[in-house]
Amino acid sequence: MIAAFAIILIFQCLGEGVAFLTGVPIPGPVIGMLLLFAALLAWPRLQELLEPTASELLRHLSLLFVPAGVGIVVAAASGRGQWLAIGAALVGSTLLTLGVTAFVMQALSRVGKEQGDV
């Protein structure tokens, strides 16, 4: 389990290093996850090693949100007087996300019908 956890952390560190060295506007952990995905495709045996540890981490994923929740509560005081702007941004971004998702689904549905997949 420790070896598998170390491998996961190594990929996260690799992602951080790539993000730092290249200056790409993508978070290091995301790059690390993509590198891990590529490694899993290249070496399927790696999945057997990582799966039990990854499953255990996912079982306790909710604990990882506790620091973020505390940060939101602590930072809430700095949002005083800005609730209208924050609410408008939340509603606007949600509606925009729903609209883009609907547009993409319609486009993919049309492509699928043209190819006879649907």
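Residues numbered from 1 in each chain as written. Predicted model: local features only at pLDDT ≥ 70, side-chain atom pairs only at ≥ 80, totals over all residues. Heavy atoms only, no water.

In the nomenclature of an unreviewed UniProt entry, the protein chain corresponds to CidA/LrgA family protein from the organism Massilia agilis.

Visitor: It is not clear to me how the nonpolar core should be interpreted in this structure. Could you clarify?
Guide: Nonpolar side chains tend to gather and get buried jointly when the protein is soluble and globular. Judged by nonpolar contacts, A4, I7, F11, L36, A39, L46 and L50 together constitute the single largest core of seven residues. Looking at this core element by element, the count peaks at three residues for helix α1 (residues 2–22). (Core = buried A, V, L, I, M, F, W, Y, C linked by side-chain atoms within 4.5 Å. Buried < 20%, exposed > 50% of the residue type's maximum accessible area, 1.4 Å probe, protein only. Helix = DSSP H or I, 4+ residues; strand = E, 2+ residues; numbered from the N terminus.)

Visitor: How should I be thinking about helix α2 (residues 28–42) in this particular structure?
Guide: Taking 1.5 Å of rise per residue, 15 residues should cover 21 Å, and α2 covers 21 Å from first to last C-alpha, within 8% of that figure. Here α2 has its buried residues at G28, I31, G32, L36 and A39. Mapping the buried residues of α2 onto a view down its axis gives an arc of 140 degrees, with all of them on the same face. Exposed and facing more than 90 degrees away from the buried side of α2 are M33, L34, F37 and L41. The inward-facing, buried residues of α2 contact α1 and α3 (45–59). (Expected span 1.5 Å × (residues − 1). Arc of directions from axis to C-beta. Contact = heavy atoms within 4.5 Å.)

Visitor: Help me understand the packing of α1 against α2 in this model?
Guide: When two helices pack together, you describe them by how their axes are tilted relative to each other and by the distance separating the axes. For the pair α1 and α2, the least separation of the axes is 7 Å and the interaxial angle reads 120 degrees. Classed by the angle they form, the pair α1 and α2 counts as oblique. The crossing of α1 and α2 is right-handed. Contacts from F11, Q12, L14, G15, E16, V18 and A19 of α1 reach α2 at G28, P29, I31, G32, L35, L36 and A39. Residues that form the contact of α1 with α2 fall into these classes: nine nonpolar, four polar and one charged. (Axes fitted to C-alpha atoms, helices over the stretch in contact; angles between N-to-C directions. Parallel < 35°, antiparallel > 145°, perpendicular 65-115°, else oblique. Left-handed = near helix turned anticlockwise from the far one by under 90°. Nonpolar A, V, L, I, M, F, W, Y, C, P; charged D, E, K, R; others polar.)

Visitor: I would appreciate a short explanation of the pattern of salt bridges in the present structure.
Guide: Where charged atoms from two side chains of opposite charge come close, those side chains can pair. Following the criterion strictly, the structure yields one salt bridge and no others. A salt bridge links E56 to R59; its shortest N-O distance comes to 3.1 Å. Of the two residues, E56 and R59 both sit in helix α3, three residues apart, roughly one turn of that helix. A relative accessible area of 30% means that E56 is categorised as partly exposed. For R59, a relative accessible area of 60% translates into the label exposed. (Salt bridge = Lys/Arg side-chain N within 4 Å of Asp/Glu carboxyl O.)

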